[in-house]
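So you can see what is in the structure, the chains are spelled out below.
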Amino acid sequence: MDVEVTGQPLEAVDADLQVVGLMQGEELDSAYSDLPGARDVRSGFRKHTLLRPDGDRRVLVIGLGKREELDAERLRIAAAVSVQQAVNYEARSVAWTLPDADGTAADPAAFAAGIADGAVLASFRFDRFKSRDPDDPPPPAIECLLISAPDDADSIQDAVTTAHVAAEAANRARELQALPANFVTPTYLANRAREIADAYDSVEVEVLGRDEITQRGMGGLAAVAKGSEQEPQLISLRYSGGPSDGEKLGLVGKAVTFDTGGISIKPSARMEEMKMDMSGGAAVLEAVAAIAELGVPVNVVACVPSAENMPSGTATRPGDIITQLNGKTVEVTNTDAEGRLILADALTYCVRELGANRLVDIATLTGGVLIALGTTYAGLLANEDEWAERITAAGGRTGEIVWRLPLHPEFRELIDGKDSDLVNTSSKRKASTIYAAEFLQEFTDDVPWAHLDIAGTAWDVGRAYVGNGPTGFGVRLFVDLVTASTE
Ligand code: BES
Ligand code: MN
Ligand code: ZN
């Protein structure tokens, strides 16, 4: 989808559907107030009314609710509603008037970014496996979003470009999430990483396969991959956009392309959803692509450990003791707690081999986070307050909201091994999201680190702009995080 900012007033913009927001207790702009139907308009948040000024033109009036409550998230939702209506009317172009930000909870740039986010994300379709009659016209899609901002066109342009690039990247991550495991294998993700490196001179890629993973001592990734015929891949990307002596942010994303649980097999109900257990890895890959596309002046190294977790005659057994890349030994008490085993090696690799001096990892790690925070917040755990606050702020701006959970030595005790340094699961049914993070912390070499548990927010969130299915959680947050660090 094209996204353009224009200084022209909405009436002068040529678009199939024009969209105007209306805040509670306020009058419709005089340009529209005499149109047939204008007396029906409602200003309650999400309520919408279609006006027909003349034969062809359509104006959609969307209620934005109370002025003081209006923020970027409400505009994401309103933009999604406008896209659903536009699709109904088979509109190919949509033009939004940027709402006046005075007295609201945000600024014009954040509003414009919210409209771009909402429109691009709401346009995502996963229909490549749906047969269509070749004689039928292709399903309607919006080709162009225009944001009319006569007073702010210049000042919002950068924010709109960033939001647009990041939202398109989130949609690519969503496609990877939705594609089933007979398509998205570790090799498929490695090829996507190669494609990203080919597209940008500033990005380099390195992929390690099964033999190298084993030889280099990545016992966690090797153990998880052992039950599958799919070759595991340790995928690394380096993006160099900043000074070579500058900070190096390490992004690490779990990419289990299918999680059966292994020998500790999962129940069969809804197991098909475990094709999305690579959501963290997909978010990391596409975030790096977006950061490179934008040319953000920072350095980022990314590490995506990818494997398929299968039960078989060659699979890791409960009770097996493995050695991770940093030398710590782990008794695998539950083969379904596989994410932490592959992330552990990737965190070590990201610091020691790729030179990261600050880390954030993202993973569909525990069902517990869904119990604690639902599909609304991702869990955030961190070893440094300032880093946690920066991530919380980035998520607040993009609508990928996170809630911090605590770390504490009492949780750490739950993963003390009996015959090994660590166990990968506790027998006590306590705080699984937290002790999973305690496990990861053992592999961070004490650099500032934050962990995002997205098991609840990666899929089936039901928000207007992502609907059910894949959300691409993390892509826009990471782009915002690095962009904000340069301001
Ligand atoms: N991939 C799952 C976590 C998950 C659950 C993701 C629901 C998305 C939706 C992870 O590998 C897992 O199986 N975690 C276990 C850990 C347990 C064995 C300690 C869990 O949370 O049940
Ligand atoms: Mn699992
Ligand atoms: Zn998993």
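Just so it is clear, the model here is predicted, and its values are computed rather than measured. (Residues numbered from 1 in each chain as written. Chains lettered and ligands numbered in written order. Predicted model: local features only at pLDDT ≥ 70, side-chain atom pairs only at ≥ 80, totals over all residues. Heavy atoms only, no water.)

Help me understand the site of ligand 1, please; the structure alone is not making it clear to me.
Around ligand 1, the surrounding shell holds 17 residues, and the nearest of these are K266, D277, D336, E338 and G367. Within the side chain of D277, one N or O atom sits 2.8 Å away from a nitrogen atom of ligand 1. In the complex, the protein chains occlude 81% of the 520 Å² of accessible area that ligand 1 would expose alone. Classifying every residue of the shell around ligand 1 by side-chain character gives 5 nonpolar, 5 polar and 7 charged. (Near = heavy atom within 4 Å. Polar contact = N/O pair within 3.5 Å; in protein donor to acceptor, adjacent residues only side chain to side chain. Areas by Shrake-Rupley, 256 points an atom, 1.4 Å probe, with all protein chains shown as cover. Nonpolar A, V, L, I, M, F, W, Y, C, P; charged D, E, K, R; others polar.)

When you look at the coordination of the manganese ion (ligand 2) in this model, what are you seeing that I'm missing?
Each donor-metal-donor angle would ideally measure 109.5 degrees in four-coordinate tetrahedral geometry, or 90 or 180 degrees in six-coordinate octahedral geometry. Within the protein, D259 (OD), D336 (O), D336 (OD) and E338 (OE) serve as the donor atoms for the manganese ion (ligand 2), at 2.1 to 2.2 Å. Of note is the manganese ion (ligand 2), whose 6 donor atoms meet at the metal with angles of 70 to 166 degrees in an arrangement that counts as irregular. When the donors of the manganese ion (ligand 2) are listed by position in the chain, the intervening gaps give D-x76-D-x1-E. Separation of the manganese ion (ligand 2) from the zinc ion (ligand 3) amounts to 3.2 Å, with D259 serving as a shared donor to the pair. Highlighted residues: D259 in strand β10 (residues 255-259) and D336 in the loop between β13 (329-331) and α9 (339-352), separated in sequence by 77 residues. On the basis of relative accessibility, which here comes to 23%, the residue D336 falls in the partly exposed class. (Donors = N, O, S within 2.8 Å, 3.2 Å for Na, K, Ca; no water. Tetrahedral: all angles 85-135°; square planar, octahedral: opposite > 155°, others 65-115°. Helix = DSSP H or I, 4+ residues; strand = E, 2+ residues; numbered from the N terminus. Buried < 20%, exposed > 50% of the residue type's maximum accessible area, 1.4 Å probe, protein only.)

Mind showing me how you'd approach the environment of D54 here?
Along the chain, the position of D54 falls in the loop between β3 (48-51) and β4 (59-65). Taking relative accessible area as the criterion, D54 reaches 39% and is therefore assigned partly exposed. Counting along the chain gives 275 residues from D54 to T329, while the straight-line C-alpha distance between them is 73 Å. Within the structure, D54 has its side chain in polar contact with the backbone nitrogen of R57 (distance 3.1 Å).

Please explain the coordination of the zinc ion (ligand 3) as it appears in this structure.
The coordination sphere of the zinc ion (ligand 3) contains the protein donors K254 (NZ), D259 (OD), D277 (OD) and E338 (OE), at a distance range of 2.0 to 2.4 Å. Coordination geometry of the zinc ion (ligand 3): the 6 donor atoms subtend angles of 78 to 173 degrees at the metal centre, consistent with an arrangement described as octahedral. Judged by relative accessible area, K254 falls into the buried class, the value being 2%. Judged by relative accessible area, D259 falls into the buried class, the value being 3%.

Which parts of the structure should I look at to understand a negative patch on the surface?
Where like charges cluster on the molecular surface, the negative patch consists of E206, D211, E212, E231 and E353. Looking at the secondary structure, you find E231 in the loop between α7 (219-225) and β8 (233-240). For E231, a relative accessible area of 36% translates into the label partly exposed. (Patch = residues over 30% accessible without salt bridge, like charges linked within 9 Å, V, L, I, M, F, W, Y side chains within 5 Å. Salt bridge = Lys/Arg side-chain N within 4 Å of Asp/Glu carboxyl O. Lys, Arg positive; Asp, Glu negative; His and termini not counted. Charge placed at Lys NZ, Arg CZ, Asp CG, Glu CD.)

Help me out: how do you make sense of the domain arrangement of the protein chain in this one?
Many descriptions give the size of an interface as the accessible area lost when the pieces come together. The assigned domain composition of the protein chain is domain 1 (2-151) and domain 2 (169-484). Listed by partner, the interface residues are 16 residues for domain 1 and 16 residues for domain 2. Counting across the interface, domain 1 meets domain 2 through 2 salt bridges. Two residues, R476 and D117, come together in a salt bridge whose shortest N-O distance is 3.2 Å. Counting the contacts that link domain 1 with domain 2 gives 8 residue pairs in polar contact (both at pLDDT 80 or more). Elements with a contribution of two residues or more to the side of domain 1 that touches domain 2: α2 (72-88) and α3 (108-122). In the side of domain 1 that touches domain 2, the residues fall into 8 nonpolar, 2 polar and 6 charged. (Domains from an automatic or database assignment. Contact = heavy atoms within 4.5 Å.)

Before we go on, may I ask you to explain the nonpolar core in this structure?
One recurring pattern in soluble globular proteins: nonpolar side chains tend to sit buried together. Residues W96, L251, V360, I391, L452 and F478 are the most contacted members of the largest nonpolar core, which totals 103 residues. Of the residues forming this core, the biggest block, 11 residues, is contributed by helix α4 (residues 153-178). Lining this core are residues from two domains, each supplying at least three of them: domain 1 (2-151) and domain 2 (169-484). Those residues within four positions of V360 in sequence are excluded, and the remaining contacts are L249, G250, L251, V252, W387, I391, A450, L452 and F478. Ranked by size, the runner-up nonpolar core spans 46 residues in total, among them C350, L365, L414 and Y435. (Core = buried A, V, L, I, M, F, W, Y, C linked by side-chain atoms within 4.5 Å.)

Sorry if this is basic, but what is going on with the packing of aromatic side chains here?
Aromatic ring pairs are defined here through the distance separating the ring centres and the angle between the ring planes. Across all of its chains, the model carries 4 aromatic pairs by this definition. Aromatic side chains Y377 and W403 sit 5.3 Å apart centroid to centroid with 70 degrees between the ring planes, which places their arrangement in the edge-to-face category. With Y377 in the loop between α10 (368-373) and β15 (378-382) and W403 in strand β16 (residues 402-404), the pair connects residues that are 26 residues apart, well separated along the chain. The exposure class of Y377 is partly exposed, given its relative accessible area of 28%. Overall, W403 belongs to the partly exposed group, its relative accessible area being 48%. Ring geometry for F439 against F443: centres 5.2 Å apart, planes inclined by 40 degrees, an arrangement best described as tilted. Classification of F439 by relative accessible area gives buried; the value is 0%. Put simply, the rings of F126, F129 and F183 pair up and form one aromatic cluster. Its end group placed over the ring of F45, R74 keeps NZ or CZ at 4.4 Å from the ring centre. The ring of W387 carries the charged tip of R358 above its face, separated from the ring centre by 4.7 Å. (Phe/Tyr/Trp six-rings, centres within 6.5 Å; stacked < 30°, edge-to-face > 60°. Lys NZ or Arg CZ within 6 Å of the ring centre and 35° of its normal.)

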